[in-house]
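Summary of structural features
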Amino acid sequence: MPLECIGEELRLKLLGAIEAGGTKFVCGIGYEDGTILERASFPTTTPEETMALVFEYFRDKAVEAVGIGSFGPIDPVPGSPTYGYITTTPKPHWGGYNLVGAVRAELNVPVGFDTDVNGAALGESLWGAAQGLESCLYITVGTGIGAGAVVHGELIHGLSHPEMGHIYVRRHPDDRYEGFCPYHGDCLEGVAAGPAIGARWGKPAAELEAGHPAWEMEAHYLAHALMNYVLVLSPQRIVMGGGVMKQSHLFPLIRTQLQELLAGYVQHASLKDGIDRYVVPPGLGDNAGLAGALALARMAAEKN
Ligand SMILES: Nc1ncnc2c1ncn2[C@@H]1O[C@H](COP(=O)(O)OP(=O)(O)OP(=O)(O)O)[C@@H](O)[C@H]1O
Ligand SMILES: [Zn+2]
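Residues numbered from 1 in each chain as written. Chains lettered and ligands numbered in written order. Predicted model: local features only at pLDDT ≥ 70, side-chain atom pairs only at ≥ 80, totals over all residues. Heavy atoms only, no water.

Counted only if it meets this: UniProt positions are given in the numbering used here, feature names are shortened, and annotations may be inferred rather than shown by experiment.
The name given to the protein in an unreviewed UniProt entry is fructokinase, with the source organism recorded as Paenibacillus spiritus. What UniProt states about the protein under its Catalytic activity (unreviewed entry) heading is, verbatim, "D-fructose + ATP = D-fructose 6-phosphate + ADP + H(+)". Recorded in UniProt under Cofactor (unreviewed entry), the annotation for the protein is "Mg(2+)".

What follows is the structure, encoded as structure tokens:
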């Protein structure tokens, strides 16, 4: 093989990543091996304003593909008439916005598009806490709750994307809080996302001490959710991120309650002695979101 061809084969693709969030858009560039080279953050205001800053950022970067991990709901199903759109978000100005179309028109490269949590699941499976596994689930517990999953190396889509944050979970017997989800009231997000903890206990979640009863209740709700995910998807690992999971003492509480709920029904070493390696924090830490978008760019570059 001529030397220049070997050089070409070894060259890592330079990719663009956009973590599209409800409060900020984080943009970055990195290589297809997951290395992030640089990043910049822009406030989420109107599509016109925010996207002008995003395009300005990427203008001279010469990326070969872009990945977008987005807040939702979105339409990630290729071939659908609204593929690439943010669909019905309550976020003003962004409902019905064709995010992929805008990025494609401006940058003219392949675009990978999925939910932020599907992206994070892919990133964790390629480069983080679920490396080498066929499947994993990523759940974020923050202002909202969302989860994404990789199965056989692919992200799950169907009618649209999974909405695993809005499942119903058994109420904690001592919980009188009605839940804040505008659609469902006391779905998982309604009773267990950060704002629910703050509203229930009259204090921001970050200010509640480790021994506070809030955490046993939080673990109750999250363990119920994880039980459902284990039963429905049988993921080989569950990665838990987001602001609320910064309370690292939640992990042992959740693991124990998950084992109690499953009651030995699903037989696997990962759910017994291996539980500490089964329910884990993100291997990519606070980079999980941006690395996830980079992973989506890599997938788009490969599929093109
Ligand atoms: N150290 C902490 N301990 C407990 N809760 C926290 C902590 N830090 C942030 N939170 C809670 O997490 C929520 C913010 O979540 P996060 O930091 O994941 O940001 P976000 O991007 O707004 O969330 P989302 O991904 O849902 O949009 C807030 O409700 C806050 O109360
Ligand atoms: Zn809901």
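A few points about the domain arrangement of the protein
Often, the extent of an interface is quoted as the loss of accessible area on bringing the components together. What counts here: What fixes the domain bounds is an automatic or database domain assignment. Any two residues having at least one pair of non-hydrogen atoms within 4.5 Å are treated as being in contact. The term buried area denotes the loss of accessible surface (1.4 Å probe radius) that occurs when two parts are joined, taken as the sum for both partners. Salt bridges, as used here, are contacts in which a Lys or Arg side-chain nitrogen is within 4 Å of a carboxyl oxygen on Asp or Glu. Polar contacts here mean pairs of N or O atoms no more than 3.5 Å apart (in protein, one a potential hydrogen donor and the other a potential acceptor; neighbouring residues in sequence count only if both atoms are side-chain atoms). Polar here means any residue outside two lists: the nonpolar Ala, Val, Leu, Ile, Met, Phe, Trp, Tyr, Cys and Pro, and the charged Asp, Glu, Lys and Arg; Gly therefore counts as polar.
If you check the domain split of the protein, you get domain 1 (3-116) and domain 2 (129-281). Contacts between domain 1 and domain 2 engage seven residues on the former and eight residues on the latter. With both sides pooled, the region where domain 1 packs onto domain 2 buries about 570 Å², and carbon together with sulfur makes up 54% of that total. On the domain 1 side of the contact with domain 2, Pro76, Val77 and Asp114 bury the most area, a combined 54% of that side's loss. Connecting domain 1 to domain 2 are zero salt bridges. Joining domain 1 to domain 2, the criterion identifies three residue pairs in polar contact (both at pLDDT 80 or more). Here the residues of the side of domain 1 that touches domain 2 sort into four nonpolar, two polar and one charged.

A word on helix H2 (residues 47-58)
Which entries qualify depends on this criterion: A run of H or I in DSSP counts as a helix once it spans at least four residues, and a run of E counts as a strand once it spans at least two, with each numbered from the N terminus. What a helix should span is 1.5 Å times the count of its residues minus one. Relative accessibility under 20% of the residue-type maximum defines a buried residue, over 50% an exposed one, and the middle range a partly exposed one, all with a 1.4 Å probe and only protein chains included. This arc describes the spread of directions from the helix axis toward the C-beta atoms.
Given a rise of 1.5 Å per residue, twelve residues ought to cover 16 Å, and the 16 Å separating the end C-alpha atoms of H2 matches this to within 8%. Pro47, Thr50, Met51, Val54, Phe55, Tyr57 and Phe58 are the residues of H2 that are buried. Across the axial projection of H2, the buried residues extend over an arc of 155°, all falling on one side. Its buried side turned inward, H2 meets strand S1 (14-20), strand S2 (24-31), strand S3 (36-43), strand S6 (97-98) and helix H3 (99-107).

A few points about the pairing of S2
Short version of the rule: Strand pairing requires that DSSP identify at least two bridges connecting the strands.
Within S2, six of the eight residues are buried, which leaves the element mostly enclosed by the surrounding structure. Across seven bridges, S1 lies against S2 in antiparallel orientation. What sits directly across from Leu14, in S2, is Tyr31. Linking S1 to S2, which pair antiparallel, is a turn of three residues. Across seven bridges, S2 lies against S3 in antiparallel orientation. The residue bridging Phe25 from the neighbouring strand is Phe42, located in S3. Connecting S2 to the next strand, S3, in antiparallel fashion are four residues, including Gly34 with a positive phi near 95°.

Considerations on a nonpolar patch on the surface
To be explicit about the condition: A patch is a set of surface residues, each over 30% in relative accessible area and not in a salt bridge, joined within 9 Å for like charges and within 5 Å for the nonpolar side chains Val, Leu, Ile, Met, Phe, Trp and Tyr. Methods summary: accessible areas were calculated by the Shrake-Rupley approach with a probe of 1.4 Å, and residue burial reflects only the protein chains presented.
Nonpolar side chains collect at one region of the surface, where Leu12, Tyr31 and Leu37 lie side by side and expose about 240 Å² of accessible area between them. Among the structural elements, Leu12 can be located in the loop between helix H1 (3-10) and S1.

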